[in-house]
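Spelled out from the first residue to the last, the chains are:
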Amino acid sequence: MHFDAIGRVPGDPILGLMEAYAQDPNPRKFDLGVGVYKDAQGLTPVLQSVKLAEQRLVDRQGSKTYIGGHGFAEFGRQINALVLGADSPLIAAQRVGATQTPGGTGALRLSADFIAQCLPGRGIWLSNPTWPIHETIFNIAGLKVSHYPYVGSDNRLDVEAMLAALRQVPKGDVVLLHACCHNPTGFDLSHDDWRRVLEVVRSRDLLPLIDFAYQGFGDGLEQDAWAVRLFANELPELLITSSCSKNFGLYSDRTGALIVCTRSAEKLIDVRSQLANIARNLWSTPPDHGAAVVATILGDADLKTLWADEVEGMRTRIAQLRSSLLQALEPHGLRERFAHIGEQRGMFSYTGLSPEQVKQLRDSHSVYMVGTGRANVAGIDATRLDSLAEAIAQVCK
Ligand code: LMR
């Protein structure tokens, strides 16, 4: 038969955890797997600002016709301003354009095909470790994938090793950087580190691709954009993948953008013609709803304020969970050992737990996290921190 030679591949390491967690009958289970924000009730609710925007759309939306290869133009304008700042000189000079994509993952896929087709021969450099789908997306697009170190054997950010490796990258290659809330480690570069990376990027004539999936979850909506804006203002060309999954809670609406910055307004038109062509062959035109919601929120002063407050609420809750977990670990003599949890940013913590300890946590305590020891701090149930700390202490014995 036609399909006889087709074998089975292992399930996705992150999405598979969602399923395993759902099937676990233990009522005292912990979901620290997939990167989804949960509130104090353990729910991932629709943001109030989103609900209000959706109500407006239901009342006012008159058509569901296709929205064009680059998506909804107002969404593109708003997302450029959110990412680069409304007063960005690039916006004024028409040197920046957003192509709406199905989520941040769609933006990454579009960037991968763009590099493969329009910049042939360029390799891409990913941090080690990185989000596993970075590896597969660029591989599938046919790019040569290489790595620069990011975290040392002591489970701490190793900027010197990162810079030393980047200095050896062939001129013209693409380097993928995480704007903030590094996935999976939670370790972010300081402003000084970013300036040093920028110098290497400039001297090696590298093309940065900045993955910006967690704007607002690190230090704040504006603060988290600092490195992206530095690179956009200092370099003639830049690719940025932006996601609305986390900060707008629009996970299932698949809303994101590939933002491209070019050296001139004219070059932008060339590059965007290529992006529209590639997108047409990937998904034709992007889904509309999430982008319409985002544009509605960002285009209305009251909704935008409400939304920014909601993002800030999620951000501060995650930061609080980090310090509460450390407090809960203290009676077990583990506060020092896990002090990095307090220094990391965003949803994720590279805990330093080994794959065996992660397995033991899952098998014996129904604590679900990614095998590499990545925990989604935003998934912690604050009312059961003591039992989580107890479980961690058991596997650390
Ligand atoms: C994660 O890393 O958990 C998130 O980015 C969700 C995903 O798609 O993997």
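Here's what I pulled together on the structure shown here. These numbers come from a predicted model, not from an experiment.

## Remarks on the sheet that holds strand β6 (residues 207–212)
One open sheet accounts for 7 strands, arranged β2-β8-β7-β6-β5-β3-β4; its pairing is mixed. With partners counted over all chains shown, the strands left at the sheet margins are β2 (96–101) and β4 (145–149), one partner each. Taking the axes of each pair of neighbouring strands and ignoring which way they run, one obtains an average angle of 25° across the sheet. In terms of strand pairing, strand β7 (residues 238–243) meets strand β8 (residues 256–261) through 6 bridges, oriented antiparallel. Bridging across to β8, Leu-238 finds its partner in Cys-261.

## Some points on the side chain of Gln-100
Tracing the backbone shows Gln-100 in strand β2. The exposure class assigned to Gln-100 is buried, which follows from its relative accessible area of 1%. One polar contact links the side chain of Gln-100 to the main-chain amide nitrogen of Phe-72, over a distance of 2.7 Å. At 2.8 Å, the side chain of Gln-100 and the backbone oxygen of Pro-287 are in polar contact. Gln-100 has contacts with Ile-67, His-70, Gly-71, Phe-72, Phe-75, Gly-256, Ala-257, Trp-283, Pro-286, Pro-287, Asp-288 and Ala-291, leaving out every residue within four places of it along the chain.

## Re helix α2 (residues 48–60)
With 13 residues, α2 should reach 18 Å at 1.5 Å per residue; the first-to-last C-alpha distance of 18 Å fits that figure. Among all positions of α2, only Ser-49, Val-50, Ala-53, Glu-54 and Leu-57 are buried. All buried residues of α2 lie within an arc of 130° about the axis, which places them on one face of the element. Residues of α2 that are exposed and point more than 90 degrees away from the buried face comprise Val-58 and Asp-59.

## Quick word on the side chain of Ser-49
Relative to the helices and strands, Ser-49 is located in helix α2. A relative accessible area of 0% places Ser-49 in the buried class. Polar side-chain contacts of Ser-49 include one of 2.7 Å to the side chain of Glu-310. Apart from the residues within four sequence positions on either side, Ser-49 is in contact with Ile-297, Leu-303, Leu-306, Trp-307 and Glu-310.

So, how was this worked out
Residues numbered from 1 in each chain as written. Predicted model: local features only at pLDDT ≥ 70, side-chain atom pairs only at ≥ 80, totals over all residues. Heavy atoms only, no water. Pairing = 2+ DSSP bridges. Helix = DSSP H or I, 4+ residues; strand = E, 2+ residues; numbered from the N terminus. Axes fitted to C-alpha atoms, helices over the stretch in contact; angles between N-to-C directions. Buried < 20%, exposed > 50% of the residue type's maximum accessible area, 1.4 Å probe, protein only. Polar contact = N/O pair within 3.5 Å; in protein donor to acceptor, adjacent residues only side chain to side chain. Contact = heavy atoms within 4.5 Å. Expected span 1.5 Å × (residues − 1). Arc of directions from axis to C-beta.

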